[in-house]
Number of protein chains: 4
Amino acid sequence: MSNLTLSDSRAISGVDRSTLAARYREVRAQTERLCAPLVTEDYQVQACNETSPPKWHLAHSAWFFETFVLGPLAPGYSPYHPQFGHLFNSYYQAIGSFHARNQRHVVARPTVEEVYAYRRQVDECVLELLASAAEGPYEVVAERVVLGLHHEQQHQELLLMDIKRNFVANPLLPAYAPDAPRAVGRAPERSWLSFAEGVQEIGFAGDGFCFDNETPRHRVFLEPYRLASRLVTNGEYRAFVEADGYGQAGLWLSDGWKTVREQGWRSPLYWLEREGDWWEYTLRGLEPLDPDSPVCHLSYYEADAFARWAGARLPTEAELEVAGAGRPVEGSFVESGHFHPRPARDEEDGQWFGELWQWTASAYSAYPGFRPLPGALGEYNGKFMANQYVLRGGSCATPRSHMRPTYRNFFYPQDRWPFTGIRLATEG
Amino acid sequence: MSNLTLSDSRAISGVDRSTLAARYREVRAQTERLCAPLVTEDYQVQACNETSPPKWHLAHSAWFFETFVLGPLAPGYSPYHPQFGHLFNSYYQAIGSFHARNQRHVVARPTVEEVYAYRRQVDECVLELLASAAEGPYEVVAERVVLGLHHEQQHQELLLMDIKRNFVANPLLPAYAPDAPRAVGRAPERSWLSFAEGVQEIGFAGDGFCFDNETPRHRVFLEPYRLASRLVTNGEYRAFVEADGYGQAGLWLSDGWKTVREQGWRSPLYWLEREGDWWEYTLRGLEPLDPDSPVCHLSYYEADAFARWAGARLPTEAELEVAGAGRPVEGSFVESGHFHPRPARDEEDGQWFGELWQWTASAYSAYPGFRPLPGALGEYNGKFMANQYVLRGGSCATPRSHMRPTYRNFFYPQDRWPFTGIRLATEG
Amino acid sequence: MSNLTLSDSRAISGVDRSTLAARYREVRAQTERLCAPLVTEDYQVQACNETSPPKWHLAHSAWFFETFVLGPLAPGYSPYHPQFGHLFNSYYQAIGSFHARNQRHVVARPTVEEVYAYRRQVDECVLELLASAAEGPYEVVAERVVLGLHHEQQHQELLLMDIKRNFVANPLLPAYAPDAPRAVGRAPERSWLSFAEGVQEIGFAGDGFCFDNETPRHRVFLEPYRLASRLVTNGEYRAFVEADGYGQAGLWLSDGWKTVREQGWRSPLYWLEREGDWWEYTLRGLEPLDPDSPVCHLSYYEADAFARWAGARLPTEAELEVAGAGRPVEGSFVESGHFHPRPARDEEDGQWFGELWQWTASAYSAYPGFRPLPGALGEYNGKFMANQYVLRGGSCATPRSHMRPTYRNFFYPQDRWPFTGIRLATEG
Amino acid sequence: MSNLTLSDSRAISGVDRSTLAARYREVRAQTERLCAPLVTEDYQVQACNETSPPKWHLAHSAWFFETFVLGPLAPGYSPYHPQFGHLFNSYYQAIGSFHARNQRHVVARPTVEEVYAYRRQVDECVLELLASAAEGPYEVVAERVVLGLHHEQQHQELLLMDIKRNFVANPLLPAYAPDAPRAVGRAPERSWLSFAEGVQEIGFAGDGFCFDNETPRHRVFLEPYRLASRLVTNGEYRAFVEADGYGQAGLWLSDGWKTVREQGWRSPLYWLEREGDWWEYTLRGLEPLDPDSPVCHLSYYEADAFARWAGARLPTEAELEVAGAGRPVEGSFVESGHFHPRPARDEEDGQWFGELWQWTASAYSAYPGFRPLPGALGEYNGKFMANQYVLRGGSCATPRSHMRPTYRNFFYPQDRWPFTGIRLATEG
């Protein structure tokens, strides 16, 4: 019997062993593929407190399988190294102590090579356990492995976010993927889609995996509303910058204005002005700012101020979920290899998924009847339900298979290093 | 024609001149009555960044009438002092510069006496304007005066909050109201009230005054829920303290736990442990902790952690508004003269209003269709809609006439100096 | 037998009782005369961490007599108030706990009136003890009273420093002594005085009182040197400001440059630029900058950078002491009532004493063979012998009778609120 | 004609070309030998703001030759990389901008390999210049190269200091030189050496190289004094620790006590207490605390408090220089390969040089008549003459050929990561 309540354990236990093992190999390999462009020195860098060194991500995602799968479920398993538990625990208070987050860059040893060896050893044991577990225990193993793979995918996105933030902090502005394709095109005019009032259901309800914070499915009442037909573009946002949007207190939330002043913000995180021209740092390197691409890497405060300036507002998470519910989960995910959002292709391209995480006006909080996972895994999502905002839709750094319409991402309103963007809303 | 859109301008314009003038005199006098126990030195103190010196409150609430009533509406009015606009503006960016909030204690001059003279002068001009304005302009004047009086009442509560915080910072622990009556009694057992699911309306809709943030009235869907029959008591909270509630990370939101550690919190703000006994600092002085009185002066984080420990949760603002909607706005308000919450008298005493502001699980945000007041007054409420939580019900420091069931107060989750308490909720 | 080793106890014990009592009354009264221009609110203000509220100075200097004279020496004396020891101890670890320095402004009670009553009571007891002590104990009492009076005089200067700093923090810029006389005149050209090389003696050696840090008298070798004939003027310093002295890293010590950038310094502390004109805030109010008056209220870093710019350096404390040793201790002290330094009158007016404390290039450290006072009084001077610089000569805020050529004042190199100035030196 | 005034340019110009070239090769190679135990990840680490990544030291010491030798003196030289000037300038304001000191760990590229290539290229050009410069220019080249080599040697010591600080920050406590020899022995009893009063000369005067801050040689008067016959040992310091030396305010300078409380100091930097036993982290790894070895890695505040507790004081720099002047510059320097101070062998072993830098009671300041080097090199020493203390004698991390009796090292009183120790002094 499982002590882990996922959304639908039948769905997971239905996954046969060889399929899950193949999936495991594939996801784990993808993490390492994303690291291929790195030199050893890159693995060690932590440009600011929010980020982690790539090496740490590699080790932490191995630690997750060791701690939540191998330790409790693999008979006779003993930890790979007595101090890795301390070094690579992120924040699970119930598991024990953990190394100071902002000191991760200090840990030169284990080396990159040793961390890869650690991963190999964990992989071997997990695959062995998947193959050998008896029928009953296998269900629990499978549930946990599935969770670990979704966790690994979250760190795949964090890897790209953190690499971008680390690289831009280097005055030489190195490029992560200089040869990645660049999507060009003319973004269509923005139009408005209308949604009727009424009681709606949101939250996860289908087969398959979801995080605890997407449950339970429940009812909300939505007043009539309208959503923009695509994301806000660089060109549109540049008009806000040039209209002195960053200098007008009246456009900003009080905490946002304080942040603008303290941080000296004058544009989105990766914009650079050089002799009157705007450039944008991307994972492909420094590029002239493309007016048709979606504006990205802005805080909630900037998204909110822009919306106010534009006579609109940000959508709530329920509004976005209802709007996206029937649509295919398509868009530019990490597999597209662009590592940057693409301009909307045409009027049909609503950019509902992929491209950029869309800030919502909804503070991150528990759904009515929410119960976190039991035990230490209960710290996964629930304890962050304060002071953060929900984002929806996934980004060009998200694995495609990681996304679904009920997915709730969350960041602090001042965070700018995630791949974030803006969709406008208004009353219906 | 007014450029100030309050909830129902007919209601306000219906107030005849002499009634409004009497109301003005009464509210303004009440502010000064609350200051009667102060010596000159007390007026100058600002114990921490959140608070203001009492003298500043007196001056700022005069400045509000000067800036929003006399300046724009009294023909030929010129400011009382050329720099009071800078000194006593709180945060209205659209009005001009303002003195650094945390430096208010530095401004010894104008003296207390001079500030009272400033108030007298403003009073004279406002009363004169109320008497002399022509019919059309009178409507606008009256609207603004009514807003100013509600603003003044908010500062009456802030005065008491700040005086308490200032006094407790003095190692001599002086008492503000040593002779205030003390309510004693045995709090009844807590029971649960059930509420059915369904679409409900919340937000202000009646006649009379409300703040912009209470509008527009709109529909929400509530899943079935239950609310506790009264507020949490000191005795109940003490059990949490003694069960090492402040030492168990698993009970806390992540940001809450960080705050607990950084601030060294071990109990609510005004509790003191001396040789094994618990005491509570009140505006009446230091008293032995009364197990039957409602626990007060705790942060959102503490309210949330206690609820989790108790197997419950905090209610949403909609749940509380619906529950309180039909009930009389009765309870211990500032006029009771207790300056401290009272134990629930019996099972009928639901403590829905007065006593203590009740933390809700709702982040402070805009209602669908919300429009802030035009002009500088738009900064009154809207710009604070981030990172704060809604509180409902009023407190023993709130004027009775200031309260209504739709009233939305808001504070940061770490704030402990307001008169806050806890009502538990669970799923229905 | 005394356990307090002052420089020459015979000198002090030679003071007859009635003379010392008269002296006590006079010094104590002078403290209160300096407070005469204050309103009650002024007594409460602490504009920054370095300063203390005037009320605190009044209470602390009474506490000093209570703690070091009455407590140990007056038979049967019991403390005036059980918590004043905690509230008004400045920093004596050996005496017990003390209230946080930067929270002094929070203590509204005891009130100003109560603090004056405290002083009255202490005065009565000290005078009674001076009159009644038997011959042997009297010696100790007298020594301690003399120390207490010099301590009181130090706080008289601190009072003026702190009042000036408090008042300038008020945007209304109130004046402390609007009717104080203003000395005007044309400063003579600066010339250089030469001093020969050789072994010299410095440190206190005469009769009368000195602080422990002035002892023992000892020998130093001085290479030949020259000192400027007067203090640097506002006019001379203004040339440095206008030559972008605050913008040239090469003129500054590394820590000084860091401070200039972090604090945004562009001129001495009390200079204000308004529409191209320079003004100076003084205890008499805001005045146009007088080019002939000595430049004042600058940090060691500014004094050092100016000297470098001027092709000179700051003198050492030995150089200054030797130069001043034979000269009369004359100049503008607090008794002159100017509350501001005066221009040098003529070429004979060397400004060796009074006017402004002169920064020296000497870090504050122990003389060879230095022994601090025994017991808690050993904390008076010795524990500050790190990271500070010696200043010499006294200022227009120093009591005349408090000064002598061996006197060593000390402040941190970033401090600007003392009455400081610059005398240049060069090699001989 | 040279524009660089070193102590005796004849001495340097006397160095023939092939000798200097050999010396160049040797010093540069030594830097790289010290890095041999590092893995690539180690080169990237910066454990705290005081330290730099090893990679940065390698690049900066190449930059020094490029900036002060090749750029101005090698005909037609153009910089190796357009941005290395910004990246690897340490603090020379006159040279141009420099990268934020505490962000050095963020610069992953250039890689370690690329930095070594940079060094190779600089080496080639310097050696070519040494070989080809005409007679006149050669003198200047030689002077600058000699300065650059002394600069390189300073960074050799910094490399070891920083590696030790970086490694200890890793919870795995890796060892830099696990096989380095360990000197054991019984430290002799401490005795006192007496020195007579009189005028003495200090400062550099001989042939050969010195830094500007050691000049000019000048006279000082010393009162009679005594110096301890050897450095303070771990055993002696442990007695201070166990006598609650870190808990007694009365032993500490005021700023020292503040630091002790804020930083939670309870022992020297690299001491660890585990289950009642004391251990010491060394470059050889974690070792049981050896009572006979000199105590090391303490701040000025700790050295001063220990001396006070021991009834002694710290010596001045003049006292130490006079005492060491006639003695051979012998002791354990970096070439010994111990990487840790050794116990005094016998009563003859005065530990005057090598082993540990000895804190002096002398604040770092200019000698009378001091003139910094002209141009940007004037920033080398002079601008740090505030808030630091002089240390004398060199350490087990200092190259032997870098030391001389007049050498003035300097650090802030709170610094603990240099190889520092204590020699006691008293009055004679």
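Conventions adopted
Residue positions are given per chain, counted from 1 along the sequence in the order it is written. The lettering of chains begins at A and the numbering of ligands begins at 1, in the order of writing. Two thresholds apply to this predicted model, a pLDDT of at least 70 for residue-level local features and 80 or more for giving and counting side-chain atom pairs, whereas whole-chain, interface and lining totals are computed over all residues. To get the side-chain values, all heavy atoms of the structure are used, and hydrogens and water are removed first. Axis geometry follows a simple rule: fit a line to the C-alpha atoms, using only the stretch in contact for helices, then measure angles between N-to-C directions, giving values from 0 to 180 degrees. Secondary structure elements are taken from DSSP: a helix is a run of H or I of four residues or more, a strand is a run of E of two residues or more, and numbering for both begins at the N terminus. To sort the angles, those under 35 degrees are grouped as roughly parallel, those over 145 as roughly antiparallel, those from 65 to 115 as roughly perpendicular, and the leftovers as oblique. Note: crossing handedness is left-handed where the near helix turns anticlockwise from the far helix by less than a right angle, and right-handed where it turns clockwise. Here, residues are in contact when the closest pair of their heavy atoms is within 4.5 Å. For every residue, the accessible area obtained with a 1.4 Å probe (protein chains only) is divided by the maximum for its type, and the residue is called buried under 20%, exposed over 50%, and partly exposed between those limits. Basic side-chain nitrogens of Lys or Arg form a salt bridge, by our definition, when they fall within 4 Å of a carboxyl oxygen of Asp or Glu. In this comparison the copies share one frame, found by least squares on the C-alpha atoms of residues holding pLDDT of at least 70 in both. Summed over both partners, the accessible area (1.4 Å probe) lost when two parts come together is defined as the buried area. Definition of a polar contact: a pair of N or O atoms within 3.5 Å, with one able to donate and the other able to accept a hydrogen when the atoms are protein atoms, and with sequence-neighbouring residues admitted only if both atoms are side-chain atoms. Any residue that is not Ala, Val, Leu, Ile, Met, Phe, Trp, Tyr, Cys, Pro, Asp, Glu, Lys or Arg is counted as polar, Gly included; the first ten are nonpolar and the last four charged. Pairing between two strands is assigned when DSSP locates at least 2 bridges connecting them. For Phe, Tyr and Trp, rings pair up if their centres lie within 6.5 Å, where Trp contributes its six-membered ring, and each pair is then called stacked (planes under 30 degrees apart), edge-to-face (over 60) or tilted (otherwise). We call a charge positioned above a ring when the Lys NZ or Arg CZ atom is no farther than 6 Å from the ring centre and deviates by at most 35 degrees from the ring normal.

S.K.: Provide a residue-level description of the packing of helix H2 (residues 17-34) of chain A against helix H6 (residues 135-168) of chain A, including the pertinent values.
M.R.: Residues and elements named next belong to chain A. Packing of H2 against H6 brings their axes to within 10 Å, and their N-to-C directions diverge by 20°. When the interaxial angle is binned, H2 and H6 end up roughly parallel. Pair H2 / H6 crosses with left-handed handedness. Residues Arg 17, Leu 20, Arg 23, Tyr 24, Val 27, Arg 28, Gln 30, Thr 31 and Leu 34 of H2 pack against Glu 135, Tyr 138, Ala 142, Val 145, Val 146, Leu 149, Glu 152, Gln 153, Gln 156, Leu 159 and Leu 160 of H6.

S.K.: So, helix H8 (residues 254-263) of chain B: which residues are in play, and what are the values?
M.R.: Residue and element names in this part refer to chain B. Along H8, the positions that sit buried rather than exposed are Asp 255, Gly 256, Trp 257, Thr 259 and Val 260. Structurally, H8 contributes buried residues whose contacts are with helix H9 (300-309). Once H8 ends, the next one or two residues include Gly 264, with phi positive near 65°.

S.K.: With reference to specific residues and values, describe the pattern of salt bridges.
M.R.: Pairs may arise between side chains of opposite charge once their charged atoms sit close together. As enumerated under the stated definition, the model contains 116 salt bridges over all chains in all. Taking the shortest distance from any N to any O, the salt bridge between Asp123(B) and Arg28(B) comes out at 2.8 Å. Pair noted here: Asp123(B) is in helix H5 (residues 112-132) and Arg28(B) is in helix H2 (residues 17-34), with a separation of 95 residues, a long-range link. Across the pair, exposure class does not vary: Asp123(B) and Arg28(B) are buried alike. Between Glu197(C) and Arg219(D) there is a salt bridge, with the nearest N and O atoms lying 2.9 Å from each other.

S.K.: Please give an account of unusual backbone geometry that cites residues and values.
M.R.: Cis geometry marks the peptide bond from Arg109(B) to Pro110(B); its omega dihedral reads 5°. Inspection of the secondary structure puts Pro110(B) in the loop between helix H4 (84-88) and H5. Note the cis peptide between Thr215(C) and Pro216(C), where omega equals -10°. Residue position: Pro216(C) is located in the loop between strand E2 (198-202) and strand E3 (218-222). In this structure, Glu275(A) is a non-glycine residue whose phi angle is positive, near 50°. For Glu275(A), the location among the structural elements is in the loop between strand E5 (271-274) and strand E6 (277-282). In the Ramachandran plot, His297(C) falls in the positive-phi region, its phi being about 60° despite a non-glycine side chain. Considering the arrangement of structural elements, one finds His297(C) in the loop between strand E7 (285-288) and helix H9 (300-309). With a relative accessible area of 1%, His297(C) lands in the buried category.

S.K.: Would you mind going over the relation of the copies chain C and chain B in detail, with residue names and values included?
M.R.: Copy one and copy two of the chain differ by a rotation about a common axis and a shift along it. Its rotation angle being 180°, the transformation that places chain C on chain B also includes 0.0 Å of axial translation and leaves an RMSD of 0.0 Å. Such a combination of rotation and displacement between the chain copies is what one expects of a two-fold axis. The rotation axis passes nearest to the C-alpha of Glu41(C) in chain C, at a distance of 3.0 Å. Looking at chain C, 100% of its interface residues are interface residues in chain B too, so the copies touch through the same face.

S.K.: Outline the interface of chain A and chain B, supporting the account with residue identities and numerical values.
M.R.: Taken together, the contact between chain A and chain B spans 28 residues of the former and 28 residues of the latter. Buried area between chain A and chain B, both sides added, is near 2,400 Å², and the carbon and sulfur share of it is 49%. Linking chain A with chain B are four salt bridges, by the criterion used here. The closest approach of N and O atoms between Glu223(A) and Arg219(B), which form a salt bridge, is 2.8 Å. In this assembly, chain A and chain B are joined by 14 residue pairs in polar contact (both at pLDDT 80 or more).

S.K.: Break down the arrangement of the chains for me, citing the residues and quoting the values.
M.R.: Over all C-alpha pairs, chain A and chain C never come within contact, reaching a minimum spacing of 14 Å. No part of chain B reaches chain D; the closest C-alpha pair between them is 14 Å apart.

S.K.: Residues and numbers for the interface of chain C and chain B, please.
M.R.: Between chain C and chain B, the residue contacts involve 32 residues of the former and 32 residues of the latter. Interface area for chain C against chain B, summed over the two sides, is near 2,500 Å², with a carbon-plus-sulfur share of 61%. Per-residue buried area on chain C facing chain B is highest for Glu41(C), Arg109(C) and Leu172(C); these three make up 29% of the total on that side. Linking chain C to chain B there are two salt bridges. Between Arg109(C) and Asp42(B) there is a salt bridge, with its nearest N and O atoms 2.6 Å apart. For the pair chain C and chain B, the interface holds eight residue pairs in polar contact (both at pLDDT 80 or more). Taken together, the elements giving at least two residues each to the side of chain C that touches chain B come down to helix H4 (84-88), helix H5 (112-132) and helix H6 (135-168) of chain C. Broken down by class, the residue content of the side of chain C that touches chain B amounts to 15 nonpolar, 12 polar and five charged.

S.K.: Residue-level account of the sheet that holds strand E6 (residues 277-282) of chain D, with values.
M.R.: Residues and elements named next belong to chain D. Taken in spatial order, the three strands make up an open sheet running E5-E6-E7, and their pairing is antiparallel. A single partner strand is all that each edge strand has here, and the edge strands are strand E5 (271-274) and strand E7 (285-288). Averaged over all neighbouring strand pairs, the angle between strand axes comes to 35°, with direction disregarded. Alignment of E6 against E7, held across four bridges, turns out to be antiparallel. Within E7, the position partnered with Glu 280 by the bridge is Glu 287.

S.K.: Residue-level account of the relation of the copies chain A and chain B, with values.
M.R.: For the pair chain A and chain B, the superposition axis carries a translation of 0.0 Å, the fit reaches an RMSD of 0.0 Å, and the rotation angle comes to 180°. Taken together, the interface assignments show that 100% of the residues at the interface of chain A recur at the interface of chain B, consistent with an identical surface on both copies.

S.K.: Go over the sheet that holds strand E1 (residues 192-195) of chain C with me, naming the residues and quoting the values.
M.R.: Residues and elements named next belong to chain C. Taken in spatial order, the three strands line up as E1-E4-E12 in an open sheet, and their pairing is antiparallel. Strand pairing shows two members of the sheet lacking a second neighbour, E1 and strand E12 (425-427), which therefore form its edges. Strand-to-strand twist of the sheet, defined as the mean angle between neighbouring strand axes without regard to direction, takes the value 25°.

S.K.: Tell me about the packing of aromatic side chains, residues and numbers included.
M.R.: Counted by the stated rule, this structure contains 156 aromatic pairs over all chains. With a centroid separation of 4.9 Å and an interplanar angle of 70°, the aromatic rings of Phe84(D) and Tyr118(D) are classed as edge-to-face. Taken together, the residues span a long stretch of sequence, with Phe84(D) in helix H4 (residues 84-88) and Tyr118(D) in helix H5 (residues 112-132) at a distance of 34 residues. Across the pair, Tyr118(D) and Phe84(D) agree in class, each one buried. When the ring centre of Trp56(A) is taken as reference, the NZ or CZ atom of Arg104(A) above it lies at 3.6 Å. For Arg423(B), the ring lying beneath its charged end belongs to Trp352(B), and the centroid distance is 3.9 Å.

S.K.: Before we move on, could you go through the side chain of Ser395(B) and cite the residues and values that matter?
M.R.: Residues and elements named next belong to chain B. Tracing the chain through its elements places Ser 395 in the loop between strand E9 (389-392) and strand E10 (409-411). Taking the relative accessible area as the measure of exposure, Ser 395 reaches 0% and is therefore buried. Separated by 2.8 Å, the side chains of Ser 395 and Glu 157 make a polar contact. A polar side-chain atom of Ser 395 sits 2.9 Å from the main-chain amide nitrogen of Ala 397.

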